[in-house]
Amino acid sequence: RHPGGRVGFRLQGPAGDVGWRADERFLYCSTFKLSLAAATLNRVDRGEERLDRAIAVTAGDMTPHAPVTGPAVGDSLTIERLCQAAVEVSDNPAANILIRELGGLDAWRGWYRSIGDETTRVDRLETALNVPDGDKDTTTPAQVVRNLQRLFVGGGVGAHRDRLTRWLTDTPTGAGRIKAGVPAGWTVAHKTGTGEGPTGDIGLIWNPDGGLMLVAAYYDAPQATTPEQRDAIIAEAVRMGLGALAYA
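Visitor: What exactly am I supposed to notice about the nonpolar core here?
Guide: Grouped burial of nonpolar side chains is what soluble globular proteins tend to show. Ranked by internal contacts, the top residues of the largest apolar core, which has 50 residues, are F32, L36, W108, W111, F152, L164 and L168. With eight residues, the single largest contributor to this core is helix α1 (residues 32–45). Residues in contact with F32, not counting those within four places in the same chain, are A95, I99, W108, Y112, E126 and L129. Of all hydrophobic cores here, the second largest spans 19 residues; its members include F9, W186, M213 and V238.

Visitor: Teacher, can you tell me more about the pattern of salt bridges here?
Guide: As a working rule, side chains carrying opposite charge can pair if their charged atoms are close by. Here the structure, examined in full by the defined rule, presents 21 salt bridges. Across the salt bridge formed by E49 and R53, the nearest N and O atoms sit 2.7 Å from each other. We classify E49 as buried; its relative accessible area is 7%. Here R113 ties to E118 by a salt bridge, and the two come within 3.9 Å at their closest N and O atoms. Residue classification places R113 among the partly exposed positions, given a relative accessible area of 27%. Through salt bridges with shared partners, a single network forms among R43, R46, E48, E49, R53, D61, R100 and E101.

Visitor: Help me understand the side chain of N207, please; the structure alone is not making it clear to me.
Guide: By the secondary structure assignment, N207 is in the loop between β8 (198–206) and β9 (212–220). Taking relative accessible area as the criterion, N207 reaches 15% and is therefore assigned buried. Within the local environment of N207, its side chain forms a polar contact with the backbone nitrogen of G211, the two atoms lying 2.8 Å apart. Once residues within four sequence positions are removed from consideration, N207 is found in contact with W186, M213 and Y247.

Visitor: Is there a simple way to think about the packing of aromatic side chains in this case?
Guide: What characterises a pair of aromatic rings is the spacing of the ring centres plus the angle enclosed by the ring planes. For the structure shown, the criterion picks out seven aromatic pairs. Relative to W20, the ring of F9 has its centre 5.0 Å away and its plane inclined at 40°; by these criteria the two rings are tilted. In this pair, F9 sits in strand β1 (residues 6–13) while W20 sits in strand β2 (residues 16–20), placing the two residues 11 residues apart along the sequence. For W20, a relative accessible area of 32% gives the class partly exposed. With a centroid separation of 6.2 Å and an interplanar angle of 55°, the aromatic rings of F32 and W108 are classed as tilted. Taken as a pair, F32 in helix α1 and W108 in helix α4 (residues 105–114) lie far apart in primary sequence, 76 residues in all. The burial state of F32 is the same as that of W108; both residues are buried.

Visitor: Please clarify how the environment of A39 should be interpreted in this entry.
Guide: Relative to the elements of secondary structure, A39 occurs in helix α1. Linking A39 and L151, residues 112 residues apart in sequence, is a C-alpha distance of 9.8 Å. Dropping the residues within four chain positions of it, A39 is found in contact with L102, W108 and W111.

What counts and how
Residues numbered from 1 in each chain as written. Predicted model: local features only at pLDDT ≥ 70, side-chain atom pairs only at ≥ 80, totals over all residues. Heavy atoms only, no water. Core = buried A, V, L, I, M, F, W, Y, C linked by side-chain atoms within 4.5 Å. Buried < 20%, exposed > 50% of the residue type's maximum accessible area, 1.4 Å probe, protein only. Helix = DSSP H or I, 4+ residues; strand = E, 2+ residues; numbered from the N terminus. Contact = heavy atoms within 4.5 Å. Salt bridge = Lys/Arg side-chain N within 4 Å of Asp/Glu carboxyl O. Polar contact = N/O pair within 3.5 Å; in protein donor to acceptor, adjacent residues only side chain to side chain. Phe/Tyr/Trp six-rings, centres within 6.5 Å; stacked < 30°, edge-to-face > 60°.

Take a look at the structure:
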């Protein structure tokens, strides 16, 4: 039995695209860290930032879920390591530091507008952005897929596409989400997002022939659901999407 809630989904591939509630707003939670890394890599491309620049990590930077930055308090981490930590293990202080180094929330919001995204809201830092509050810190599945298209197909990540793709492929998070919804032998590069109920996963899927699909799946879940139930809803949306496009 479906546990209820609201699913938003968009899958785009060579055979077309399919979506459910794809233009409705969902809290994006940590899925934004994919774009944050891309924004930082854009600055590296323009000579405004360096991958090897060391940033001091302080106790004042700490918020819950700091698997990389926590042990680095009193030391420093490079911009590259902060990006990797934000993408691969969803380190929250790393994301906040990167937003600060971009120039703050206004500059971060401006990056979305610079790639043609007038939809995505940027209102709060981690971890406040995981708490539902109207349209704050929301986006739509359709807009996320447009952004992925621009970044990974349209060249928006620049010279660092392979680097970002590797982090998205190496992440250990969300094994039960997009990854669980694709056939064996397919490759997934993705970024999860998880709140108290809101659950998401976005990214890139390659079939064994190298065909690329872009996907964004968000589930506004009832709080009574378990993490496993929430993951399974995301996986089922991916399965159904691939089936609708005759991929699976």
